[in-house]
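Architecture and fold: a report
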Amino acid sequence: MNSLTRFAACVFAISLSGCTTPIARRAQNADGLLGFIFGYPGPDIVPVERVSRAGGDIVTAHAVADGATLRVSGLVSKAGMHPPPYGSHIDVFILDARGKITAAVATDYLPRQIPRRIRDSMGYSHYVARLPFLPRPGSKVQVVFHGTPRARYEINAAGRAPETLL
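Only a predicted model underlies this, so the values are computations on that prediction, with no experimental measurement involved.

**Here we look at the overall build of the chain**
Regarding its fold elements, the chain presents three helices and eight strands. For the chain, the sequential pattern of α-helices and β-strands runs α-α-α-β-β-β-β-β-β-β-β. Relative to all contacts within the chain whose residues are 6 or more apart in sequence, the contacts with residues 24 or more apart total 59%.

**Comments concerning the sheet that holds strand S4 (residues 89-95)**
Spatially, four strands are ordered S1-S8-S4-S5 in an open sheet, and the strand pairing comes out mixed. The sheet is open, and its two borders are formed by strand S1 (48-51) and strand S5 (101-107), each paired with just one other strand. Here the strands of the sheet are splayed against their neighbours by 20 degrees on average, with no regard to which way each runs. Examined bridge by bridge, S4 and S5 share six bridges and lie antiparallel to one another. Across the sheet, residue Ile90 finds its bridge partner in S5, namely Thr107.

**Structural notes on the pairing of strand S8 (residues 140-146)**
Counting buried residues along S8, six of its seven residues qualify, which places the element largely inside the surrounding structure. Relative to S8, S4 is paired through seven bridges, and the arrangement is antiparallel. Of the residues in S8, the one forming a bridge with His89 is His146.

**Some details on the nonpolar core**
In this structure, Ile58, Val72, Ile90, Tyr127, Val141 and Val143 are the most contacted members of the largest nonpolar core, which totals 19 residues. Every element with two or more residues in this core is listed here: strand S2 (56-66), strand S3 (69-78), S4, strand S7 (125-131) and S8. For Val72, the contacting residues outside a window of four places in its chain are His62, Ala63, Val92, Tyr127, Val128, Ala129, Leu131, Val141 and Val143. Among the nonpolar cores identified, the runner-up in size contains five residues, and Val51, Phe93, Leu95 and Val144 belong to it.

**What about the confidence of the model for the chain?**
Note that predicted coordinates carrying low pLDDT should not be read in detail. Here the chain averages 76 in pLDDT, while 61% of its residues score no lower than 70. Note that residues 16-20 has pLDDT below 50 and, in this model, six contacts with residues that lie over four places away or in other chains. With pLDDT under 50 throughout, residues 162-166 is counted as low confidence; its partners more than four residues away or in other chains account for 13 contacts.

**Side note on the environment of Pro111**
Checked against the element boundaries, Pro111 lands in the loop between strand S6 (109-110) and S7. On the basis of relative accessibility, which here comes to 42%, the residue Pro111 falls in the partly exposed class. The sequence separation of Pro111 and Tyr127 amounts to 16 residues, and the corresponding C-alpha distance is 9.0 Å.

**A closer look at the environment of Gly56**
Among the structural elements, Gly56 can be located in strand S2. Once the C-alpha coordinates of Gly56 and Val144 are considered, the two residues, 88 residues apart in sequence, prove to be 9.5 Å apart. Not counting the four nearest positions on each side in its chain, Gly56 is found in contact with Ser77, Ala79 and Phe145.

**A word on the pattern of salt bridges**
Overall, the coordinates contain three salt bridges when judged by the stated rule. Between Glu49 and Lys140 there is a salt bridge, and its shortest N-O distance comes to 2.7 Å. Placement of the pair is Glu49 in strand S1 and Lys140 in strand S8, with a sequence separation of 91 residues. Among the residues examined, Lys140 registers a relative accessible area of 33% and is labelled partly exposed. Note that Asp66 and Arg130 form a salt bridge whose closest N and O atoms lie 2.7 Å from each other. One end of the pair, Asp66, is in strand S2; the other, Arg130, is in strand S7, and 64 residues separate them in sequence.

Each value, and the rule that gives it
Residues numbered from 1 in each chain as written. Predicted model: local features only at pLDDT ≥ 70, side-chain atom pairs only at ≥ 80, totals over all residues. Heavy atoms only, no water. Helix = DSSP H or I, 4+ residues; strand = E, 2+ residues; numbered from the N terminus. Contact = heavy atoms within 4.5 Å. Pairing = 2+ DSSP bridges. Axes fitted to C-alpha atoms, helices over the stretch in contact; angles between N-to-C directions. Buried < 20%, exposed > 50% of the residue type's maximum accessible area, 1.4 Å probe, protein only. Core = buried A, V, L, I, M, F, W, Y, C linked by side-chain atoms within 4.5 Å. pLDDT = per-residue confidence, 0-100. Salt bridge = Lys/Arg side-chain N within 4 Å of Asp/Glu carboxyl O.

Structure, rendered in structure tokens:
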């Protein structure tokens, strides 16, 4: 299905917003046109915060239960004309109700070279991170684009990343 057909389907689905057809429900749950076109993974089980910096922009972020695990996924794009620095990656933090980091995982976006935005390409890369548990109630997920290689920092024993990262 090409982009024009998907766009027409989205307009049609939004016009049926009072209906309960699967396409109308998908349009209502999607985070805008991008979520509808690229497939909304389902309802987020915890709030998700996006933090973009260093040449990259977290366009979408979703935290979805996948059995007994948490799947965090979305799209990333360039935040300007130049590509992000070499070694850039996505960090996913689980924060408890007090804001303390309880878990963290780093992941790469694919393709590693974020495509240029041209007529046939939307200019996005995709990322997926999995955590082996579901967060507790009151937690939130923070998805951060970092323009540094992964090995440059670690989360300290107090459960905090360096302040420059949050």
